[in-house]
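# Structural overview for review
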Protein chains: 2
Amino acid sequence: MGRYVYLFEEAVGLTRFELGGKGYGLVEMTSVGLPVPPGMVIVTEACREYYRNGGRVPQQVLEEVRQKLEQLSAKVGRRLGDPERPLIVSVRSGAPYSMPGMMDTILNVGLNDRVVEALAERTGNRRFAYDAYRRLLQMFGRIVMGVPGEKFEEVLKRYKEREGVKYDHELSVDALRSIVEEFKRIIKEHTGKEFPQDPWKQIEMAIEAVFRSWNNPRAIEYRRYYKISDDLGTAVNIQLMVFGNTGPNSGTGVGFTRDPSTGEKRLYGEYLPNAQGEDVVAGIRTPLPIEKVDPEIYRQLKETAEKLERHFRDMQDFEFTVEDGKLYLLQTRNGKRTAQAAVKIAVDMVREGLITVEEALMRVSPSDLNQLLHRRLDPRAKVNPIAKGLNASPGVATGKVVFRVEEAVELGKAGEKVILVRPETTPDDIKGIIAAQGVLTSRGGMTSHAAVVTRGMGKPAVVGCEEITIDLEKEQFVTASGVVVRKGDVITIDGSTGYVMLGEVPTIEPEMTEELKTLLKWADERRRLGVRANADTPEAARKAREFGAEGIGLCRTERMFNAPDRLPIVREMIMAATEEERRAALEKLYPMQLQDFKEIFRAMKGLPVTVRLLDLPLHEFLPPAEELIKEIYEMRLRGASEREIEEKLRVLRKVEALREHNPMIGHRGCRLAITNPEIYRMQVRAILRAAIEVLREDGETAEVQIMVPQTAFAKELEIIRKLVEETAEEVFAETGTRIPFKFGTMIETPRAALTAAEIAKVADFFSFGTNDLTQTTLAFSRDDAEFKFLQPYLEKGILKENPFEVLDREGVGRLVRMATQEGKAANPRLEVGICGEHGGEPNSIAFFHEAGLDYVSCSPYRIPIARLAAAQAAIREKVEVSVTV
Amino acid sequence: MGRYVYLFEEAVGLTRFELGGKGYGLVEMTSVGLPVPPGMVIVTEACREYYRNGGRVPQQVLEEVRQKLEQLSAKVGRRLGDPERPLIVSVRSGAPYSMPGMMDTILNVGLNDRVVEALAERTGNRRFAYDAYRRLLQMFGRIVMGVPGEKFEEVLKRYKEREGVKYDHELSVDALRSIVEEFKRIIKEHTGKEFPQDPWKQIEMAIEAVFRSWNNPRAIEYRRYYKISDDLGTAVNIQLMVFGNTGPNSGTGVGFTRDPSTGEKRLYGEYLPNAQGEDVVAGIRTPLPIEKVDPEIYRQLKETAEKLERHFRDMQDFEFTVEDGKLYLLQTRNGKRTAQAAVKIAVDMVREGLITVEEALMRVSPSDLNQLLHRRLDPRAKVNPIAKGLNASPGVATGKVVFRVEEAVELGKAGEKVILVRPETTPDDIKGIIAAQGVLTSRGGMTSHAAVVTRGMGKPAVVGCEEITIDLEKEQFVTASGVVVRKGDVITIDGSTGYVMLGEVPTIEPEMTEELKTLLKWADERRRLGVRANADTPEAARKAREFGAEGIGLCRTERMFNAPDRLPIVREMIMAATEEERRAALEKLYPMQLQDFKEIFRAMKGLPVTVRLLDLPLHEFLPPAEELIKEIYEMRLRGASEREIEEKLRVLRKVEALREHNPMIGHRGCRLAITNPEIYRMQVRAILRAAIEVLREDGETAEVQIMVPQTAFAKELEIIRKLVEETAEEVFAETGTRIPFKFGTMIETPRAALTAAEIAKVADFFSFGTNDLTQTTLAFSRDDAEFKFLQPYLEKGILKENPFEVLDREGVGRLVRMATQEGKAANPRLEVGICGEHGGEPNSIAFFHEAGLDYVSCSPYRIPIARLAAAQAAIREKVEVSVTV
């Protein structure tokens, strides 16, 4: 049993995990002499103890708090409940990882019927004092005592209407006094208990409420989305209140030491005069830019920003309050930022000598690069914005307008693209935001809930768009110019400019900024894993090369078969009644494949290109049986000729003959090649001839790698290797040119991984097909799992993440490790890569680095992500090595 | 380069692998003083060298043969080609494992135009000499020189008709002399080469022909069926000819030291006077029982039998020839026998002190027990045999009559049961015999090809049924009483009695003989693996217990759901629109399941019963979508009411909603329980209540084990364990009775095996579901694989056996080993079994023993097989340990 409670000045050296993010910031700021109101931290261990204790605050915690309150009282000369010099505090949550707005905070704790009068006397501002008391009652009533928030809102609304004012702070003292009485009555009515007049009782209950809020549904939801452990718990900060709402010389604000949207080095922020912090975060009033603050305060803020960056060596997002002209800092943390800003800040800070290259590389989240690599509005397109709001989170999103969160979730699940339109968002809306392509709000600023959350997710958002008027009842909004947009209408929002447009707007490819190129160059110098692309077309190959791919790790050939001009020929081949007919169809496909490969090899000259031979089962190229049955009956109903019907029946019979119970693990990949070798012969011929022709025409060609899918037995590979080598010799003889090529296999069946040592003797390379390997290892058919049970599995915590997105390290990963190790032991020249979707997912890339793979291969747009993630894995390993050595 | 050729007396100490089975027998018999005609063995290494040498007989082999022939000549006083005292030899194949009739043998080598005259002079029997020459020409022409056999047969047939005789040996000398000339002409015409008159040339060519015959298609087919390695090669035996066809005082025969059908200890065999060995094996003439031989020879044969058994310590099958009243032994080998005989001989020999109990246990092939454990004719059934033949291979078989081998293969593949009916069978028919349920021949004896081969396979056969006349043209046979049986008619044959009956005849359960019980008792004393049964019904449970099952290792519950009286209720549950409707349907199923479990627990009192909770996906209980679509259209076509159609559409929509792309790896097993826990709750309630009710009613109940299917994550099991324990507490509270039970899981997904250490912490037991584990590990959907590509995989040697029958040790087996080891390390009290089909397959059982499992579970009829196989595994291990220690 340790110690639970520390004054800020006592806690230097404790970590973020003990103090929570907010507490850590307060302690650090205190230690460097910034003006922080004094207070204490209850460490996260107390929260964990609370839950272990069955939801009761441990006695020791309360005793320590009482003792520290004594010290605090002595220091500031104020006492809890003292009618002369009352101690008034805030009780705030503060988890190790920032969860903005997810957990609870209660301000103005310590006020009661007597103290409010004393406060009024002391400040000479009765309106302020009663407003503070009203706020306490409202927050305490809702958060601690569980009264529905709208009960209080209704009262406030009624009084504002009665007095003819718009904002809470315009209410008269008399109104506030009446409101206080009504609030107390509401609490009594709703809970059967009086609002506690004892300030110590208030503190006790507030502490418990903060602990409890760690497990409120929206906090759990948030942690699941951001993959934050449920076991961390929250710290509690009890801090002397300072008031931003004592009058025009007071106010509250948020500052960023650099622009969180662009990364530009300038003090950036917003300020709301005569307000408490909650007013800013809730986005109810639109704040002023920070430059509009009192010049002396602005000077102090700029100094503070410098100090913070020097101390924390990162861009900071800080909260401040000005009480009667005096600046106080209430919070600091590493600022959330767009991907573009993250890259610029990281690179700039290296140049400024603040951080090392390795630190810079670790500062940018690889998945965030996604934002930089997607499309933006085509500048040549005619754009007619119907409204403009704040450019809160960059990127372009198009979708149907929806107003209700539940509807966004439903449509999102059904695969529809939607834009969630709300006056403002609250933490309860998180599910809808996740489901939507983008968010549009009519209220709130750059630090409102909607803005912070969407930036974090890399989702486009336009916020504070006051030009539109939303009618939730009618499910529509109207722009300033009178355009009516109804539920279901398609709009496009551009989170980089703040524009809202009707319909879908053309977009163009992103370009890489100079900073991003620099960062990725640094990444390339540090990573060990190679990065190749999954690309099936010449365009994709070129794009991949542009993004820095070092080759093609997976060129699928079935997509080529599926092209509309080829499908009829492929069907001809499948339906062939005789061997000759089949060969004739293959002969028609051959020149098409040849051309495909030539273009790809040309685009990738000098780099390796791994072509995977046909994988899909033949029946996938035929129409589904049920469609055919329906068609046949429809033909009968409309009296089609027997000949027509017989033709259709022929197709149906073939489809039925080819049909499989479980096509995923059926007659496909190399199994098809064993029974029908002619398709692979055609493909190998096309591949090698293409490479030779490019070599002749251009003087250089790609490094050809031929890859077999679905291998389970070394002997399968032996047979196909023979087929490939025979065909190669034919091509070499015909062309009079020999080119080197490699022959290898996907490792995508558990048996292939389990017998990798045998298989490695017949293969020059392995490439893990982690999509299929995940399906077979877990026995989860992906198509069925994602539709039927993956969601409940995530909700019940059986899965931490979708295993088709993030590699299952314990199961699939164990096979990957085994096969890599044993394959390389059996064949030291074996090259090992991975070409499943996990190849572009940072967490999985870290695993592949650890497991000793040679390269990852991913979609072209994920190449920069993979380059950075691979560098981070290498840096992390270096750090671990230097720690353990 | 070693030595290749040994005289019989020089080769003592060499093994069966070097000498081949026949050579080994001759060498051993020579060494114990039995009357073996002198000769030599060319060891199997020469055959391997022949193939390595590109199909040329190595020069050294020929030199050694020539040198040994010199020694042989000196010893017997005869020389090759000598017109006075010619040396005449047989050149016989002899592989390490017996492959009866599969490879080639040439008799009478050394005869030519001059020597035949000398032989006629010396024996004073011109008919015999020319018959021998005719036989040499015929065999040499066909086997060595490749002339089609029917060319010679036609000539023989013509001469027999011309002379009005039935058998070859009735032909006149003049006819034989003409035949010899015609045969020489046929050879010349067909091959363009003269029959070689040089006896040494004959020997050279005959040796090569024997080597070549190792790789003839029917030998390869046979080795594949019996899993004999292609790399062994054959030895060649060159031996002084003795003649069984010199006259009435000569003859040839086959003896068994015990009855190969029943195991009874008596000399058993057949004798054909005035014939060469090939006449017996080919089954052309029906031989006499061995008792009919000359009494002095009979006495010598009985002595020989005693000597052979004392020397070889096993039942022997020997060939002998009597030449002019003198007995010669030409071959001995361990005799093939029925399973019943194998058991009796093994047990008797222990009692006679000839062998140890361990040897006895190793002498019986577990798979052969199958023969003893299947049904036989119901003695109460009215049986009207239409014919009777020899009871060549026991057991009853029913099927459609087919006459052509190709048709048997085709129908067999299509799953039809057929009886192959042939005048006699030849090694070329092996595929048809494999495909058929049983074989009926009109010619041949107990040692004919059909008899030997079917006994080896444990397939019923009636042979030598001379009462029927087969017309291959018309595809029918006619019995003595005039019954005509046509292709496609169903008949039943009883290989234990020799009866042939029309139609299907009722059969009854087998009983275990006293010897089998003894053998299995010995097995039980020596095995380490437990043996449990897969049984879903009370009848199966009782049968399993009778056969010695020590519990039920797998009681599937989906079969109970599939019963015709329950399916409508199950559908009700699935189609339920509301939660209440669903619960109501489950409530109806509950008493039915309760009753099922009560009966099973009662049958297994005192023993463990592992009940597997529902595994199948729900949609398997609904009609297929295509059927519904067809029905709906048919309803429209016949003008059904909209209400009826809507009802059907509702079902279709539900079916489509439940449908999966890959149901094998879809929403099933515990995945279904996670999303729909109410089904498991009902089942657990029924299981525990049933056990408690049996306990109350009978004072004793089964040991309940509850098993979860399809687990992939420890967390799944945690959640279901909680559900089970909660339900159990409810049942215990309701009944006021607590019973102990175990909770465990199938290991049937690769991930479960890979994370066994985690899973073992939540489980009391594991049971490997090797059927599904094979599907997922190999990524082979069984339904699709067996239909689409397993056969080509076996033919191309990718698979040595069907992995769904014999466990894939390298892939699936590796997972089994890992999971057993790691599971037990994590939970030392973990019980580990296997309940896939491999649990009843001897080779796989040996593996499970080695892998350290605690028990196997298999179908009731395979329980004795498993008991024996488990004992053999334990004995083998002991031997290996004693060898390595």
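What comes next concerns the included structure.

Moving on, we come to the overall build of chain A. When its secondary structure is counted, chain A shows 34 helices and 31 strands. Overall, chain A is about 105 × 75 × 55 Å in size when its C-alpha atoms are taken along their principal axes. Contacts spanning at least 24 positions in sequence make up 69% of the contacts within chain A whose residues lie at least 6 apart.

Let us look at the pattern of salt bridges. Residues and elements named next belong to chain A. Scanning the entire structure with this criterion turns up 183 salt bridges over all chains. The shortest N-O distance in the salt bridge between Arg 527 and Glu 550 comes to 3.0 Å. Taken together, the residues span a long stretch of sequence, with Arg 527 in the loop between helix 17 (514-526) and strand 24 (530-534) and Glu 550 in the loop between helix 18 (538-546) and strand 25 (552-556) at a distance of 23 residues. Owing to a relative accessible area of 12%, Arg 527 belongs among the buried residues under this scheme. For Glu 550, a relative accessible area of 32% puts it in the partly exposed group. Connected via shared salt-bridge partners are Lys 598, Arg 602, Lys 605, Arg 685, Arg 689, Glu 693, Glu 697, Asp 698, Glu 730 and Glu 734.

Quick look at the packing of helix 21 (residues 579-603) of chain A against helix 25 (residues 677-698) of chain A now. All names here are of chain A. Two numbers describe how helix 21 lies on helix 25: the axes approach to 8 Å, and their chain directions differ by 40 degrees. In the crossing of helix 21 with helix 25, the sense of the turn from one axis to the other is right-handed. For the contact of helix 21 with helix 25, a count of residues per class yields 13 nonpolar, two polar and ten charged.

All names here are of chain B. For helix 12 (residues 339-351), with 13 residues, the first-to-last C-alpha span of 18 Å sits near the 18 Å given by 1.5 Å per residue. In terms of residue burial, helix 12 counts as a mostly covered element, since ten of its 13 residues are buried. Of all the positions in helix 12, only Ala 339, Ala 341, Ala 342, Val 343, Ile 345, Ala 346, Val 347, Asp 348, Met 349 and Val 350 are classed as buried. Buried residues along helix 12 sit against helix 11 (295-312), helix 13 (357-363) and helix 17 (514-526). One or two residues past the end of helix 12 sits Gly 353, with phi positive at roughly 80 degrees.

Another point: the sheet that holds strand 5 (residues 235-240) of chain B. Residue and element names in this part refer to chain B. With respect to topology, five strands assemble into an open sheet ordered 1-2-5-3-4, the strand pairing being antiparallel. Since the sheet does not close on itself, it has two edges, and those belong to strand 1 (5-7) and strand 4 (105-109), each with one partner. Here the average twist between neighbouring strands, direction ignored, is 20 degrees. Sitting on the sheet, helix 3 (residues 59-76) is in contact with strand 1, strand 2 (39-42) and strand 5, with an inclination near 165 degrees to strand 2.

A few words on the side chain of A:Thr425. All names here are of chain A. Note that Thr 425 resides in the loop between strand 15 (418-422) and helix 15 (430-435). The class of Thr 425 is buried, set by a relative accessible area of 5%. A distance of 3.2 Å separates a polar atom in the side chain of Thr 425 from the backbone nitrogen of Ala 450. The contacts of Thr 425, once residues within four sequence positions are left out, are Ile 433, Val 439, Thr 441, His 449 and Ala 450.

Turning to the interface of chain A and chain B, a few remarks are in order. Residue-level contacts link 59 residues of chain A with 59 residues of chain B. Roughly 5300 Å² is buried in total at the junction of chain A and chain B, and carbon and sulfur atoms are behind 62% of that figure. Contact with chain B buries area across many residues of chain A, yet A:Glu626, A:Tyr633 and A:Ile665 alone supply 12% of it, more than any other trio. With a shortest N-O distance of 2.7 Å, A:Asp808 and B:Arg751 are connected by a salt bridge. The tally of links from chain A across to chain B stands at 30 residue pairs in polar contact (both at pLDDT 80 or more). Broken down by element, the residue count for the side of chain A that touches chain B peaks at seven residues, all from helix 22 (residues 625-637) of chain A. Residues belonging to the side of chain A that touches chain B are distributed by class as follows: 27 nonpolar, 14 polar and 18 charged.

The rules behind each value
Residues numbered from 1 in each chain as written. Chains lettered and ligands numbered in written order. Predicted model: local features only at pLDDT ≥ 70, side-chain atom pairs only at ≥ 80, totals over all residues. Heavy atoms only, no water. Helix = DSSP H or I, 4+ residues; strand = E, 2+ residues; numbered from the N terminus. Contact = heavy atoms within 4.5 Å. Salt bridge = Lys/Arg side-chain N within 4 Å of Asp/Glu carboxyl O. Buried < 20%, exposed > 50% of the residue type's maximum accessible area, 1.4 Å probe, protein only. Axes fitted to C-alpha atoms, helices over the stretch in contact; angles between N-to-C directions. Left-handed = near helix turned anticlockwise from the far one by under 90°. Nonpolar A, V, L, I, M, F, W, Y, C, P; charged D, E, K, R; others polar. Expected span 1.5 Å × (residues − 1). Pairing = 2+ DSSP bridges. Polar contact = N/O pair within 3.5 Å; in protein donor to acceptor, adjacent residues only side chain to side chain. Buried area = accessible area lost by both parts, 1.4 Å probe.

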